[in-house]
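Architecture and fold: a report
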Amino acid sequence: MSEISRRDFLYQAGLLASASLFSFESQAKVPNLQLAYSAITWGGKDLDAMKDITSLGFKGVQLRANAYDTYKTKVQELKEVIASNSLSLAMFSSGNVEIDPAKEASTIDYHVAHASFVKALGGNAIQLTNSVRPKDRLPTTEELKRLAFVMNEIGKQTADLGVQAVYHNHMHQLGETPEEVDIIVQAMNPKYMKLLLDVAHYHQGGGIPAKAVLQYKDIIGALHIKDVKSPLADKPNDPKAYKFVELGQGNVDLKAVFDNLQKIKYNKWAIVELDGVPEKTRTPLQSAEISKAFLKDTIGFKI
Ligand SMILES: O=C1C[C@@H](O)[C@H](O)[C@@H](O)C1=O
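Our subject in this report is the structure included herewith. (Residues numbered from 1 in each chain as written. Predicted model: local features only at pLDDT ≥ 70, side-chain atom pairs only at ≥ 80, totals over all residues. Heavy atoms only, no water.)

Looking at the environment of Gln34
Note that Gln34 resides in strand E1 (residues 34-38). Using a relative accessible area of 33% as the deciding quantity, one classes Gln34 as partly exposed. Between the alpha carbons of Gln34 and Trp269 there is a distance of 4.7 Å; along the sequence they are 235 residues apart. Beyond its immediate chain neighbours, meaning those up to four positions away, Gln34 contacts Asn267, Lys268, Trp269 and Ala270. (Helix = DSSP H or I, 4+ residues; strand = E, 2+ residues; numbered from the N terminus. Buried < 20%, exposed > 50% of the residue type's maximum accessible area, 1.4 Å probe, protein only. Contact = heavy atoms within 4.5 Å.)

Considering the packing of aromatic side chains
For the coordinates displayed, the defined rule picks out six aromatic pairs. Aromatic pair Phe92 and Phe117: ring centres 5.8 Å apart, planes at 70°, arrangement edge-to-face. Within this pair, whereas Phe92 is found in strand E3 (residues 88-96), its partner Phe117 is found in helix H5 (residues 104-120), the two being separated by 25 residues in sequence. By the ring-pair criterion, three or more aromatic residues cluster together here, those being Tyr37, Trp42 and Phe58. Between the NZ or CZ atom of Lys226 and the centre of the ring of Phe244, over which it lies, the distance is 4.3 Å. (Phe/Tyr/Trp six-rings, centres within 6.5 Å; stacked < 30°, edge-to-face > 60°. Lys NZ or Arg CZ within 6 Å of the ring centre and 35° of its normal.)

Some details on H5
The end-to-end C-alpha distance of H5 is 25 Å, a good match for the 24 Å that 17 residues give at a rise of 1.5 Å each. Those residues of H5 that sit buried are Glu104, Thr107, Ile108, His111, Val112, His114, Ala115, Phe117 and Val118. Looking at the buried side of H5, the elements it contacts are helix H3 (65-71), helix H4 (75-84), E3, strand E4 (125-129) and helix H6 (141-160). Of the residues one or two after H5, Gly122 is the one with positive phi, at around 90°. (Expected span 1.5 Å × (residues − 1).)

Here's the deal with the nonpolar core
Ranked by size, the top nonpolar core spans 79 residues in total, and within it Leu63, Met188 and Leu261 carry the most contacts. For this core, the element with the most residues is H6, which contributes six residues. If near-sequence neighbours (up to four positions away) are discounted, Met188 is found in contact with Ala148, Met151, Asn152, Tyr167, Met193, Lys194, Leu195 and Ile219. (Core = buried A, V, L, I, M, F, W, Y, C linked by side-chain atoms within 4.5 Å.)

Digging into the pattern of salt bridges
Using the criterion set out here, one finds 12 salt bridges in the structure. Among the ionic pairs, Glu104 bridges to Arg146, the shortest N-O distance being 2.8 Å. Of this pair, Glu104 sits in helix H5 while Arg146 sits in helix H6, and the two are 42 residues apart along the sequence. The exposure class assigned to Glu104 is buried, which follows from its relative accessible area of 18%. (Salt bridge = Lys/Arg side-chain N within 4 Å of Asp/Glu carboxyl O.)

Re the packing of helix H10 (residues 254-263) against helix H11 (residues 284-299)
Put simply, H10 and H11 touch, their axes get as near as 11 Å, and they point 65° apart. Our classification of the angle between H10 and H11 gives roughly perpendicular. Here H10 runs over H11; the crossing is right-handed. Across the interface between the two elements, Leu254, Lys255 and Phe258 from H10 touch Phe294, Leu295 and Ile299 from H11. A per-class count over the contact of H10 with H11 returns five nonpolar, no polar and one charged. (Axes fitted to C-alpha atoms, helices over the stretch in contact; angles between N-to-C directions. Parallel < 35°, antiparallel > 145°, perpendicular 65-115°, else oblique. Left-handed = near helix turned anticlockwise from the far one by under 90°. Nonpolar A, V, L, I, M, F, W, Y, C, P; charged D, E, K, R; others polar.)

In structure tokens:
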């Protein structure tokens, strides 16, 4: 072998070796992270959702408050369906928190009832959102702190049942921008409340989700792994228009998110979520397959 072809051979061999090392490393990227998928895409057809989610190899499911309405009087039936699909109930969308003092007792009772339901299903976490963002002005610091205060009260009571309450950052709610999220999170009592960091809502609110992973590493209780596209080609006059899309199809730097999850050795649920199929021609299962392919091929997960 001439010196040049020998050098070329060694170079190619080196590339191959580092390529296989890379794929090995990425498979082991966040070894203790648990992947779940949210039923929201199936629009209330939870039984179909669980069948599809299991078929794709995810280990957990997030159900929504509609499941409470349907199954509150037949909890065992739902528990058996979850178990027969070899799934865990990773998260339950418990709904909105009221900050009006007159509604404090009823909002606490509402979420505590959901927490009992979740406990009976074998789950241990509920997600809190809110619909109290003022329409005509920015929220005040007092309003943001008041939300944290009420959530702390909810979290205190659900903790007694063995259920962790988590605050979900969300567009058009209290906690849209990173600054608002920070005020809320700083006012949360970490003994009772954790953060569900939704990376797509956080990105759309102007934040850098990978940075938030490091910033909130001690208080993150769960993640929504999702992607969002903005602006939209069909809404050229609205630069703020956005839509949720399958993983890898939008603007969220998910690779950076997973790099930082690796740094913090994240070991809790990461729930893949897509609010609705972005293309009418696709089924929820087909959209989930696209996201799964991204997790395997780009992030390196073995699912
Ligand atoms: O409960 C939810 C409702 C959706 O609006 C949202 O995008 C999602 O993150 C969620 O958890």
